[in-house]
Structure formats: structure tokens, C-alpha cells
Amino acid sequence: MTTAMTKKFQRVGGKLGLFAARRWSLHHGHRILAALMVALSSLIMPVAVFTPAWPEEIRQARREPQPSKCDRSQFRVILDVGHTADALGANSARNVPEYYFNYRLAAQMERILIEDGFDKTVLLVAGGRARPSLFDRVARANGLSANLLVSIHHDSVPDSLLESWEFEGKKSHFSDRFSGHSIFVSYENSHRDGSVLFGRLLGKELKDRGLQFARQYTQPIMGRYQHKLIDPDVGVYRYDQLVVLRATRMPAVLFEAGSIINREEELQMNSGERRDLISASLTAAVEMFCNRRRPNRFRG
């Protein structure tokens, strides 16, 4: 057997020492090659066939037919500006009313959604005192035949957690202990599943852009503001009693965009970069939600 032939058989795992003294013929070569093939086949480990452990939602999506493309021109989103000019909500660490933050962010979201083809988006601005304004905005929202409501807010903490400081010569309060956004849904909403679905879509988009959700709502220190975290991956909480979520006749979430009582996060919420990230997250979530829902049809 030539050196070249020896190397060739060594490359496929054959041991030629047993056959070195034998005279090679075409017949013998065929017999040895066949024996080597059998021996090699016993050394090959079988490859396990397995099915990836996909999350249930992904498996379900694979089983279901693909949804039709979103008809953005027929999908109405209501962006509810939290609080009113008469009931301004919480004060930030630098004495800026929450209502200012809510309106500015909601107006930017409205503009981006309209630019993205959701031209029936409505910016809902209520007036008057706090409690009456809740029922007013719910009545107006229910009269708009909308597909989704997102109530825009900015977060604070219970008074017992506030600390005092002075900003620009004025006494103020802050709490740097907590930060992040929060998403709330009501299980008493008539479109509970849709509300939870959109909450999760929004939370995932925010997470994918590097934004963290607030975790303090599960802690006893929050008192009556303690709530159940129903999605610990993307920060969706259950808050059944919120009027704007419970009484609206469409999927609805309340979105606390960030903590303005946290001094560092207040500065971030004032930045265009943070508002752009949040607005892009909302727009992407609305598009995915629209693909899964049947839009209302509007006349005129």
C-alpha cells in the first residue's frame, strides 16, 4: 500500500496495522473499505432531534395564521393627558407640575403617531377638578369609537417617602430612592385581554430600548399604592380601581413614563432623547397591537 493510500485511510479513522503484511488487491481493498465503513458507522454519535422550547406566545403565533396588515387609517388611539390645568397632579423635584410633563409627552406621541399613518389619533385634554375630570374623559373617550386608550402620567411617591431640599431658593421635595416607568391595567376593563396585551407590547418595546421599569409597587412600603406585578419581565401592574381604565370601553393602559420626583430622572424626562425613546416605543407597540386587532370603521 502506498504512503498516500495509508494517509487517506488514516484520515477516515482506519487502522492499517492489521493489514500491513497482506497483499493488496482490488478485491481485498473493497472488503477492507466496506469493513471500515461499518466500523466507522458505529462510532458516529446519533444527533438528537429536539424542538426548541419557544415561549407559549411564540408557539401560538406560529400555529395561527399571520394577521392581516394593520390598516392605520382606521385605527384610532386616544392619548389621554393625565390631570388637568386645574388639578396639576404631583410636583416634580424642581417644582414643575406633572401636568406639564404629561401634556408635552402626549403631544409628541400624537405627532409621531399621525406621521406614522395613525391619523385618527386623538389627544384627549380634560379640564376641571380632579375627580369630575375623570368621568368627563371617560365619557368623551367612550364616544370616540376608539381602538386603544393610553393615559399618560409621570410618577411620584407617597408623601411618607419624600425628603426636603431647596431648589433655586424654593423649598421642594424629592425621592431619589426609586426610578423607572410603570404600566397599569385594570382587570375590570371590558377588554381586559387587549389591555394586558398592549401593556406587554409597550413594556417590551421600552425594555428593548434599555429603559427600566419601577419595581417599588410590589413593596409594602407603598401602602395603598402597592399593586400586583402581573408581568415581571416588562413591568405591567394590575390596578383595577382606576376609573380611566375600568370604565373605558376599549383596551386601556395607564403609563407612568418616569419618576419626576427623582432628581436625576426628572432631568432625563426633560431631555429630548428620553422622550424620543418613549415615543418610539409607543409607536412600535401600537403598530404591533393594530396588527392583532380589528380596527373600527369610521365614516367620513
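Conventions used here
- Chains are numbered independently. Their residues run from 1 in the order of the written sequence.
- Two thresholds apply to this predicted model, a pLDDT of at least 70 for residue-level local features and 80 or more for giving and counting side-chain atom pairs, whereas whole-chain, interface and lining totals are computed over all residues.
- The basis for the side-chain values is all heavy atoms of the structure; hydrogens and waters are excluded.
- Following DSSP output, two strands are said to pair if at least two bridges run between them.
- Helix and strand labels come from DSSP, where a helix needs a run of H or I of at least four residues and a strand needs a run of E of at least two; each type is numbered from the N terminus.
- Axis angles are defined between N-to-C directions and span 0 to 180 degrees, where every axis is a line fitted to C-alpha atoms and, for a helix, only to the segment in contact.
- Whether two residues are in contact is decided by their heavy atoms, any of which lying within 4.5 Å being enough.
- By disulfide we mean two sulfur atoms from cysteines, separated by a distance within 2.5 Å.
- Here the nonpolar core consists of buried residues drawn from Ala, Val, Leu, Ile, Met, Phe, Trp, Tyr and Cys, with membership extended through side-chain atoms lying within 4.5 Å.
- With a 1.4 Å probe rolled over the protein chains alone, any residue whose accessible area is under 20% of its type maximum counts as buried; one over 50% counts as exposed, and the rest are partly exposed.
- pLDDT runs from 0 to 100 and stands for how confident the predictor is about each residue.
- In the sections that follow, a salt bridge refers to a side-chain nitrogen of Lys or Arg positioned within 4 Å of a carboxyl oxygen of Asp or Glu.
- For this count, His and the chain ends are skipped, Lys and Arg are scored as positive, and Asp and Glu as negative.
- Here a polar contact is recorded for every N or O atom pair within 3.5 Å, except that within protein the pair must consist of a potential hydrogen donor and a potential acceptor, and residues adjacent in sequence are included only if both atoms are side-chain atoms.

Here we come to the sheet that holds strand S2 (residues 122-124). Ordered in space as S2-S1-S3-S9-S6-S8-S7, the seven strands form an open sheet in which the pairing is mixed. Pairing within the sheet leaves two strands with one partner each, and these edge strands are S2 and strand S7 (228-231). Strand-to-strand, the axes of this sheet are offset by a mean angle of 30 degrees, without reference to chain direction. Where S7 lies against strand S8 (residues 236-238), three bridges are found, and the strand directions are antiparallel. Paired with Leu229 across the strands is Tyr237, a residue of S8. Contacts between helix H4 (residues 98-115) and the sheet are confined to strand S1 (77-81), S2, strand S3 (148-155) and strand S9 (252-259), with S3 contributing the most and set at about 145 degrees to the helix. Sheet contacts for helix H9 (residues 272-292): S1, S3 and S9; angle to S3, the most-contacted strand, approximately 160 degrees.

Attention now goes to the state of the cysteines. Disulfide: a covalent bond formed between the sulfur atoms of two cysteine residues. Here the structure, examined in full by the defined rule, presents one disulfide. Paired by a disulfide, Cys70 and Cys290 hold their sulfur atoms 1.8 Å apart. Here Cys70 and Cys290 share a disulfide; its torsion about the S-S bond, 85 degrees, makes the bridge right-handed. A residue pair is termed long-range when its members are at least 10 positions apart, and Cys70 in the loop between helix H3 (56-63) and S1 and Cys290 in helix H9 qualify at 220 residues.

Residues Val150, Phe198, Phe255, Ile278, Leu282 and Val286 are the most contacted members of the largest nonpolar core, which totals 38 residues. When contributions to this core are tallied by element, the ones reaching two or more residues are S1, H4, S3, strand S6 (182-185), helix H6 (192-208), S9 and H9. Excluding residues within four positions of it along the chain, Phe198 makes contact with Leu148, Val150, Val253, Leu282, Ala285, Val286 and Phe289.

Another aspect to go through is the confidence of the model for the protein. Taken residue by residue, the protein gives an average pLDDT of 83. The fraction at 70 or more is 75%. Note that pLDDT drops below 50 for residues 1-54; the model gives that stretch 21 contacts with residues more than four away or on any other chain.

Glancing now at the pattern of salt bridges. Under the defined criterion, the tally for this structure stands at 14 salt bridges. One salt bridge in this structure joins Glu266 and Arg94, with 2.8 Å as the shortest N-O distance. On the criterion of sequence distance, the pair formed by Glu266 in helix H8 (residues 263-269) and Arg94 in the loop between S1 and H4 is long-range, its members being 172 residues apart. Measuring nitrogen to oxygen at the nearest pair gives 2.7 Å for the salt bridge that ties Arg209 to Glu205. The exposure class assigned to Glu205 is buried, which follows from its relative accessible area of 11%. Taken together, the shared-partner salt bridges in this structure form one network comprising Arg72, Asp116 and Glu287.

Relative to the assigned elements, Gly203 resides in helix H6. Judged by its relative accessible area of 1%, Gly203 is buried. For the pair Gly203 and Phe255, spaced 52 residues apart in the sequence, the C-alpha separation amounts to 9.8 Å. Residue contacts for Gly203: discarding those within four places in its chain leaves Ile183 and Val234.

Positionally, Glu98 belongs in helix H4. For the buried Glu98, which has no salt bridge, the nearest side chain bearing the opposite charge is Arg137, at an N-O separation of 9.8 Å. Within polar-contact distance, the side chain of Glu98 engages the side chain of His83 at 3.1 Å. Once you skip the residues sitting within four places of it in the chain, Glu98 turns out to touch His83, Leu88, Gly89, Ala90, His153, His154 and Ile260.

This part is about unusual backbone geometry. Here His83, not a glycine, exhibits a phi torsion of approximately 70 degrees, which is positive. Along the chain, His83 falls in the loop between S1 and H4. Owing to a relative accessible area of 25%, His83 belongs among the partly exposed residues under this scheme. One non-glycine residue, Ser145, lies in positive phi territory at about 50 degrees. Considering the arrangement of structural elements, one finds Ser145 in the loop between helix H5 (130-142) and S3. The class for Ser145 is partly exposed, based on a relative accessible area of 39%.

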